[in-house]
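Structure assessment
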Amino acid sequence: MKKFRLNLIPGDGIGVDVIREGRRVLDRIATINGGISFQYNELPWSCEYYLKTGKMMPDDGMSILRECDAILLGAVGFPGVPDHVSLRQLLLPIRVEFDQYVNMRPIKMLPGLSSPLKNENIDFVCIRENSEGEYCGIGEWKNAGQPDETVMQQSIFTRKGTERILRYAFEYARKNGKGNLISSTKSNALNYSMVFWDNIFEEVRKDYPDIRSSKMHIDALAGYFIMHPERLQVVVASNLFGDILTDLGSAMLGSIGISPSGNINPEGKYPSMFEPIHGSAPDIAGKGIANPMGTFWTIAMMLEHLGCKEEADKIMIALQQVLKEGKAITRDIGGKASTTEMTDAILAVL
Ligand code: NAI
Ligand code: MG
C-alpha cells in the first residue's frame with residue numbers, strides 16, 4: 001500500500017470550492033486503485049485566518065508544511081486583506097523557502113474546449129522562474145503622501161537562479177522531444193536584469209545545439225501567443241513574465257480556470273506544491289460556479305510527480321470525456337453546470 005501525505009491549503013474564495021472537489025477526485029482514485037491512499041492535513045491558512053490571527057500562517061507553518069509528500073493549494077487572496085499581504089505571507093515564502101524554483105505550467109488545448117482564437121493548435125509549456133526576479137519583494141517607499149513621494153521596487157536575478165531555470169527548460173525540451181524553445185526577455189528596457197538574463201541564455205543554449213532556441217521581447221511574445229500559438233513548444237520566462245504569459249495562455253484555451261501548475265523543487269529536498277493558475281476569484285466566490293478543471297489537471301500533475309502516472313492519466317481521460325460530451329461543464333467554458341455537477345460527471349466516468 002502506497003500512502004501519500006498531502007498538505008491541503010484551500011485558501012480563499014473559490015480556492016475552497018475547488019479543493020473540496022479535488023479531494024473527491026482523489027478519494028475516488030484511491031477507491032479505484034486499492035493500492036494507494038491519501039492522508040490529508042487540511043490547513044485553514046487564508047485571509048480569514050489572517051483577520052483572526054494577524055498572520056497568514058502560524059510561526060511554525062513551514063515546519064508543519066514540510067511534513068508531507070506534496071502540497072495542494074487552491075488560491076489565496078480576498079478583499080479586506082491587501083493582495084500583497086496574502087501573497088507575500090503565504091504563497092511566496094513557500095515557493096522560496098522550499099526552493100520550488102521551477103513553476104511548470106502546461107498550456108494545452110483539450111478536445112471539447114473552445115478557444116477564443118481561430119487557431120486551436122495549442123500545446124506548449126511555460127517554465128517560469130519561481131524563486132527570485134521581480135518578486136523578491138525588496139524596495140523602498142519614501143516620503144509617503146508628500147509631493148516628492150517615491151517608491152522603488154527591485155528585482156534580483158542571480159547567476160545561480162537564472163542559469164538553473166534556463167537549463168531546466170532546455171533539459172525539459174530535450175527529454176520531451178520539443179525542438180523549439182523561446183526565452184522571454186525585455187532587455188531593451190530592463191538594462192540590467194534582462195541583459196543579464198539574455199547573457200546567461202546565450203551561455204546555456206550553447207550546450208543544447210539540438211534545440212532551436214531564440215529570445216523574444218515579452219511584448220512581442222504576447223502578440224506571438226495570439227498569432228502563432230502553434231509554433232510554441234517551450235517558453236521560459238522570469239517570475240513576473242511567466243505569471244502574465246500563463247494567464248494569457250489559459251485564456252487562450254477558453255478560461256483562466258483551466259490551466260494547472262506545479263511549483264517544483266527538482267532536487268526533492270522539499271515538498272513541491274501544486275495549484276491551479278487562477279486566483280480566488282472573489283467575483284464568483286460562494287456562487288458554486290467555479291470551474292474545477294484547473295484543480296483536477298493540477299492533481300493529475302501532482303500524481304504524476306508522485307509516481308502515479310496511470311492514475312494521473314485516468315483523471316485526464318475522464319476530464320476530456322466530460323468536456324467532449326459538453327453536458328456537465330461550467331459557465332466560463334460555455335456550459336451551465338455548477339462546480340459540483342462537473343465533478344459529479346468526472347467521478348461518474350472514473
Ligand atoms: P482570478 O484568477 O482570481 O480571476 C480572474 C478572472 O477569472 C475573474 O473574472 C474570475 O471570476 C475568473 N476565474 C478565475 N478562476 C476561475 C475558475 N476556476 N472558474 C471560473 N472563472 C474563473 O484573478 P484576480 O481577480 O486578479 O485575483 C483575485 C484574487 O486572487 C486576488 O486576491 C489575487 O491576489 C489572488 N490571486 C491568487 C493567486 C494564488 O493564490 N495562486 C493567483 C492569482 C491571484
Ligand atoms: Mg498568476
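Residues numbered from 1 in each chain as written. Chains lettered and ligands numbered in written order. Predicted model: local features only at pLDDT ≥ 70, side-chain atom pairs only at ≥ 80, totals over all residues. Heavy atoms only, no water.

Remarks on the pattern of salt bridges
Enumeration over the complete set of coordinates arrives at 20 salt bridges. Across the pair Asp-99 and Arg-164 runs a salt bridge, and its minimum N-O distance is 3.1 Å. Remark: Arg-164 occurs in helix H5 (residues 159–175) and Asp-99 occurs in the loop between helix H4 (83–97) and strand S4 (102–108); sequence separation between them is 65 residues. When the shortest N-O distance is used, the salt bridge between Lys-215 and Asp-198 registers 3.7 Å. Residue Lys-215 is found in strand S9 (residues 212–217), and its partner Asp-198 is found in helix H6 (residues 193–205); the two are separated by 17 residues along the sequence. Under the relative-accessibility criterion, Lys-215 is labelled partly exposed at 42%. Via salt bridges that share partners, Asp-17, Arg-20, Glu-21, Arg-24 and Asp-344 belong to a single interconnected network. (Salt bridge = Lys/Arg side-chain N within 4 Å of Asp/Glu carboxyl O. Helix = DSSP H or I, 4+ residues; strand = E, 2+ residues; numbered from the N terminus. Buried < 20%, exposed > 50% of the residue type's maximum accessible area, 1.4 Å probe, protein only.)

Things to note about the pairing of strand S5 (residues 123–129)
Counting buried positions over the 7 residues of S5 gives 6, a clear majority of the element. Pairing of S4 with S5, which is carried by 7 bridges, proceeds in the antiparallel orientation. Each bridged residue has a counterpart across the sheet, and for Pro-106 the counterpart in S5 is Val-125. Judged from the 4 bridges that link them, S5 and strand S10 (residues 234–237) form a sheet pairing that is parallel. When the bridges of S10 are listed, Ile-127 appears paired with Val-236. (Pairing = 2+ DSSP bridges.)

Some remarks on helix H7 (residues 218–227)
Taken as a whole, H7 has its buried residues at Ile-218, Leu-221, Tyr-224 and Phe-225. Each buried residue of H7 lies within a common arc of 105° when the element is viewed along its axis, so the set occupies one face. (Arc of directions from axis to C-beta.)

As for the layout of surface pockets
In this structure, the largest pocket spans a volume of roughly 870 Å³. Taken together, 26 residues make up the lining of the largest pocket; nearest its centre are Met-104, Pro-106, Tyr-172, Met-301 and Glu-304. If you list the elements that add at least two residues to the lining of the largest pocket, you get S4, S5, H5, helix H9 (293–305) and helix H10 (309–325). With 6 residues, the top contributor of residues to the lining of the largest pocket is H10. When the residues that make up the lining of the largest pocket are grouped by side-chain class, the tally is 15 nonpolar, 3 polar and 8 charged. Shared between two domains, the lining of the largest pocket holds at least three residues of each, these being domain 1 (1–101 + 260–350) and domain 2 (116–252). Within the residue set of the lining of the second largest pocket, elements represented by two or more residues are strand S3 (70–75), H4 and helix H8 (239–252). Per element, the largest residue contribution to the lining of the second largest pocket is 6 residues, and it comes from H4. Residue composition of the lining of the second largest pocket, grouped by class: 11 nonpolar, 6 polar and 7 charged. Two domains each donate at least three residues to the lining of the second largest pocket, and these are domain 1 (1–101 + 260–350) and domain 2 (116–252). (1 Å grid on protein atoms, 1.4 Å probe; cavity = no way out; pocket = protein on both sides within 12 Å on 5 of 7 lines; lining within 4 Å. Points joined across faces, edges and corners; volume = space filled by probe spheres on them. Nonpolar A, V, L, I, M, F, W, Y, C, P; charged D, E, K, R; others polar. Domains from an automatic or database assignment.)

Observations regarding the pairing of strand S11 (residues 260–264)
For S11, the buried fraction is high: 5 of the 5 residues fall into the buried class. Side-chain alternation along S11 places Pro-260, Gly-262 and Ile-264 on one buried face and Ser-261 and Asn-263 on a second face that is also buried. Pairing geometry for S4 and S11, over 3 bridges, is antiparallel. Across the sheet, Asn-103 pairs through a bridge with Asn-263, a residue of S11. Inspection of the sheet shows S11 paired to strand S12 (residues 272–276) by 4 bridges, in the antiparallel sense. Its bridge partner lying in S12, Ser-261 is registered against Glu-275.

Thoughts on the sheet that holds S12
The strand order S2-S1-S3-S12-S11-S4-S5-S10-S8-S9 describes an open sheet built from 10 strands, whose pairing is mixed. Of all the strands in the sheet, the pair left with one neighbour each is strand S2 (36–42) and S9. Between one strand axis and the next, the sheet turns by 25° as a mean value, whatever way the strands run. As paired strands, strand S8 (residues 180–185) and S10 are joined by 3 bridges and run parallel to one another. Bridging across to S10, Leu-181 finds its partner in Val-234. On the sheet, H7 packs against S5, S8, S9 and S10 and is oriented at approximately 110° with respect to S9. (Axes fitted to C-alpha atoms, helices over the stretch in contact; angles between N-to-C directions. Contact = heavy atoms within 4.5 Å.)

Examining the domain arrangement of the protein
Split by domain assignment, the protein resolves into domain 1 (1–101 + 260–350) and domain 2 (116–252). Spacing between the C-alpha centres of domain 1 and domain 2 amounts to 25 Å. Tallying the contact residues gives 10 residues for domain 1 and 13 residues for domain 2. Buried surface at the junction of domain 1 and domain 2, both sides included, amounts to about 980 Å², of which 52% is carbon and sulfur. Put simply, domain 1 and domain 2 have 5 residue pairs in polar contact (both at pLDDT 80 or more) between them. In terms of residue count, the dominant contributor to the side of domain 1 that touches domain 2 is H4 (4 residues). Residues belonging to the side of domain 1 that touches domain 2 are distributed by class as follows: 5 nonpolar, 2 polar and 3 charged. (Buried area = accessible area lost by both parts, 1.4 Å probe. Polar contact = N/O pair within 3.5 Å; in protein donor to acceptor, adjacent residues only side chain to side chain.)

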